[in-house]
Amino acid sequence: MSKLGLKALSGSQCFYRCRVEKNNQNGTKMIRMIVCFKESDMSGLSLPNSMRNTIAGWLRLSSIFLGFAVVLTQPAYARSSQTDNATLELGRRIYMEGLSASGKPLQGQHPNSTNVEGADAACVKCHRRSGMGGLEGNIAAPPITGKFLFADKENRPVALLDNRSPKDVTRAHTPYNADKFAEAIREGRTIAGKKLNPLMPRYRLNQAEIKALIAYLTQLSSELPPGVENNKIRFAAIISADADPADRDVLVKMMTEAVKQRNASQLISAGRMRMPIDLIPRTPREWELSFWQLTGSPETWNKQLSDYYRNGPVFAVISGLSNSTWEPVGAFCEREKLPCLLPSLASPPADPGFYSVYFSRGVALEAGVVAKYLLEYEKKTPTRIVQIYRDEENGRIAAQALSRVLKNSTIKTEHRVLSGSEPEALSAALKELQPEDSVMLWLNPADLAMLGKAVPKPPEVSFYVSGFLAKDHFDSLSPAWRNGIRIVYPYELGEKRQKNLAQLKSWLKTWHIPLTGEALQSEIFFNLLLLTDLTSQMLDNLYRDYLLERTEDMLSAGTTSSAYPHLSLASGQRFASKGAYIARFNQNGVLSADSDWIIP
Amino acid sequence: MTIVRNKINDFGCHNMHQFIEILALFILAAVLSNTASATVPAAGRADRTSFAPAYSRAVKDYDIPDSEILRHDNKKLKLAEALNDGRPLLINFVFASCSGICPMLSHTFRQVQTELDKEKQSFHLVSFSIDPENDTPEVLRDYAKKFKAGANWDFYTGNLATINAIQHAFNVFRGDKMNHSSVILIRSAPDKAWLRLEGFAGPDDVEREFYERLKSDKLLKN
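If you're wondering where the values come from, they're calculated on a predicted model, not measured in any experiment. (Residues numbered from 1 in each chain as written. Chains lettered and ligands numbered in written order. Predicted model: local features only at pLDDT ≥ 70, side-chain atom pairs only at ≥ 80, totals over all residues. Heavy atoms only, no water.)

**Focus on the sheet that holds strand 5 (residues 124-129) of chain B**
Residue and element names in this part refer to chain B. For clarity, the threshold we go by: Strands were regarded as paired on the criterion that DSSP finds at least two bridges between them. Under the scheme used here, helices are H or I runs from DSSP no shorter than 4 residues and strands are E runs no shorter than 2 residues, and both carry numbers assigned from the N terminus. Lines fitted to C-alpha atoms define the axes, with helix axes restricted to the stretch in contact, and inter-axis angles between N-to-C directions lie between 0 and 180 degrees. Here a residue-residue contact requires only that any non-hydrogen atoms of the pair lie within 4.5 Å.
Strand order in the open sheet formed by eight strands is 1-8-7-4-5-6-2-3, with mixed pairing between adjacent strands. Here the strands that pair on one side only, and so sit at the sheet edges, are strand 1 (55-60) and strand 3 (76-78). Between one strand axis and the next, the sheet turns by 30 degrees as a mean value, whatever way the strands run. Across six bridges, the pairing between strand 4 (residues 89-94) and strand 5 is parallel. Within strand 5, the residue paired with Leu 90 across the bridge is Leu 125. Along the sheet face, helix 5 (residues 160-169) touches strand 2 (68-71), strand 4, strand 5 and strand 6 (153-157) and points at about 105 degrees away from the line of strand 2.

**Points about the packing of helix 10 (residues 301-311) of chain A against helix 11 (residues 327-335) of chain A**
Residues and elements named next belong to chain A. For clarity, the cut-off: The scheme is simple: roughly parallel for angles under 35 degrees, roughly antiparallel for over 145, roughly perpendicular for 65 to 115, oblique for anything else. Each crossing is labelled by how the near helix is turned from the far one, with a counterclockwise turn of less than a right angle marking it left-handed and a clockwise turn marking it right-handed. Here the nonpolar group is Ala, Val, Leu, Ile, Met, Phe, Trp, Tyr, Cys and Pro; Asp, Glu, Lys and Arg are the charged ones; every other residue, Gly included, is treated as polar.
Axis separation between helix 10 and helix 11 bottoms out at 9 Å; the angle between their running directions is 45 degrees. Taken as axis vectors, helix 10 and helix 11 run oblique relative to one another. The two elements helix 10 and helix 11 cross, and the hand of that crossing is right-handed. Together, Trp 301, Asn 302, Leu 305, Ser 306 and Tyr 309 of helix 10 and Pro 328, Val 329, Phe 332 and Arg 335 of helix 11 make up the contact between the two elements. Of the residues in the contact of helix 10 with helix 11, the class split is six nonpolar, two polar and one charged.

**Some remarks on the pattern of salt bridges**
Residues and elements named next belong to chain A. Going by this rule: The salt bridge definition used is simple: a Lys or Arg side-chain nitrogen within 4 Å of an Asp or Glu carboxyl oxygen. The rule is simple: take the accessible area with a 1.4 Å probe, protein chains only, and divide by the maximum for that residue type; under 20% is buried, over 50% is exposed, in between is partly exposed.
Applying the stated criterion across every chain yields a total of 44 salt bridges over all chains. Note that Glu 97 and Arg 92 form a salt bridge whose closest N and O atoms lie 3.0 Å from each other. A relative accessible area of 27% means that Arg 92 is categorised as partly exposed. The residue Glu 414 makes a salt bridge to Arg 384 at a minimum N-O spacing of 2.6 Å. Residue Glu 414 is found in strand 15 (residues 412-418), and its partner Arg 384 is found in strand 14 (residues 384-390); the two are separated by 30 residues along the sequence. Taking relative accessible area as the criterion, Glu 414 reaches 27% and is therefore assigned partly exposed. Assessed through its relative accessible area of 17%, Arg 384 is described here as buried. In this structure, a network of salt bridges that share partners links the residues Arg 128, Arg 550, Glu 552, Asp 553 and Arg 574.

In structure tokens, the structure reads:
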């Protein structure tokens, strides 16, 4: 076997290195080519990362077919002089708010005479924040960023128009210039002279507005964000100071294993073409996952998160754990415009912002469900609900939420706060109950386990227990209490649940990870599947706003591979599961629904 | 050219592999687009990038399921009760977070409402939410307000299974709310057949089809 090596530069500064190993028929000869460009040579052009990648992709092909005659030219749209801020701001107002240069609402005419104006006529409505477009019914609103509209063929990226159909990718077209772009906007005619989809309104924009819109589109989703590198995407999971160490171990183990598995499956030798979508070329990137462990009080978390981020910026945060607040994390994600997807929490921030997505509203959702149940489902509405909780964030938030929902109802609320870890605190809280009372127990598993000791025989009133705070663990309840309570249950029950969790269970078995908590583990597993699909469908368009939009769209179908009945989002929605059952243990000791799925 | 089989290197580079992928993709695309075009009816054909404004029309019979639904004013009704009050009926399927097609469908209903009100014509517009878990009566009231819905325009939600059953009954269930189709159903009276408009019927189209339906069902004198 002989080897022929061609090496221009070597070492850690290599921007791209590539080796083709070629076997002839007798399999004895191998030719190895290494193309190497110094990082500094590329950065001298001050190209955005994404463009470098595009060029790198082009180089890969040209290095074979054209030898090594490589001329780097900047695309025309990127050469234009610096756009002034006022122009860009006008472009933003047109795109995001639907406001014209005069400040009046933008008017959009549909060809069949339904007109839209202002915010309804803004580009962002269909083409989304990222400019990467989306799917409306069967109609694709295509990507309209500068890279897709104005770049020449060699520099134009590829995007998937419809994730259900890998053949629906963006197609080649002659680059738009300002005149042709104006024609499309004003008259609804594409560069190829075809009519635009009737869903796209026509706008009477003047020259200055056209120029501003072009400027806005040119910079929109043009540079890959921090955390996306040439051969790597970085993610983090955030674990708060008070997270249960056992939960943390489960999360770390599952995520580490999945990332290892995912990276191995990306190897060409492992066969990357597993699904039709894999036919679409994209830059191979490894996943790198960090765990950001927070310590100390929540006031210090912002600083810790900023430090983690500065030392190793990530493309997105996936999963997380907290037993109390998540506010500082949510605020951090919003500030850094960092997607923070689906942490496992009992009380997510009430205002989720744009960049965070949650499984549900947590205990606030349960408060809404229990209120609706008491008012609309119970044969006899109680006159008072006594809320028992620890003086901790989750309990406080939950009790306040229920009091708020019941404020204008006939049901009075009373708060009884536990202090100390002795059963006496619980027995004191359970005294002086009237037959017309109901009791809401916002308690964690340790306190639930103590109920039997504190009060062996439950008083003759209706008891409700929070499913989120109980963490789906009811085994520690004494039999009398187990049979006497109703549970606000935010997860699926019965056969359907088993069906939903089958994939998780077989995955855990394959990787020798014990099943310790279906609710938590199914959330983590769901996230791993989601992330795989998301990054696969985004191809090389790894922009943060696009990641959120893809998340919204992916979950539109109401996915069911978790402990929840279904998780569903749409544009602007940030809480995926929207209801809960009222459940109780039946005669056979099986938890079963006592109500339909209640949405407050 | 001999078949090139490349292996992974330190930077995960795979030139020929990608080239073959591109080729395969184009071939696949060509094959798939041929088969797809053969199954799409010409009248309702929705080309992804450009198409002539068109909608298809068909006369259909649908069995209305015995479901309980929830109106935007929180009133619970049987589906038949909601639909069969004798007024000529127009139905569409929307959801509040939908930003492209639904506003257009709702704008169309709004303009139809204005015209029919002007003409003192009896009518009943019904919009079913296909995102019932998000679109609570409260959300629907806001949505109705946004589109200036009057007394003859009702919005309905319900539990997910019910709403899915209703979509199945009218053959508009596509498994996914982002995947929903632009359909308007018109019926002149409870005992008459449905006219199904699929595609982009504007307000003028809908109004014209509505009156023609009344006429052909002999419910309109002129």
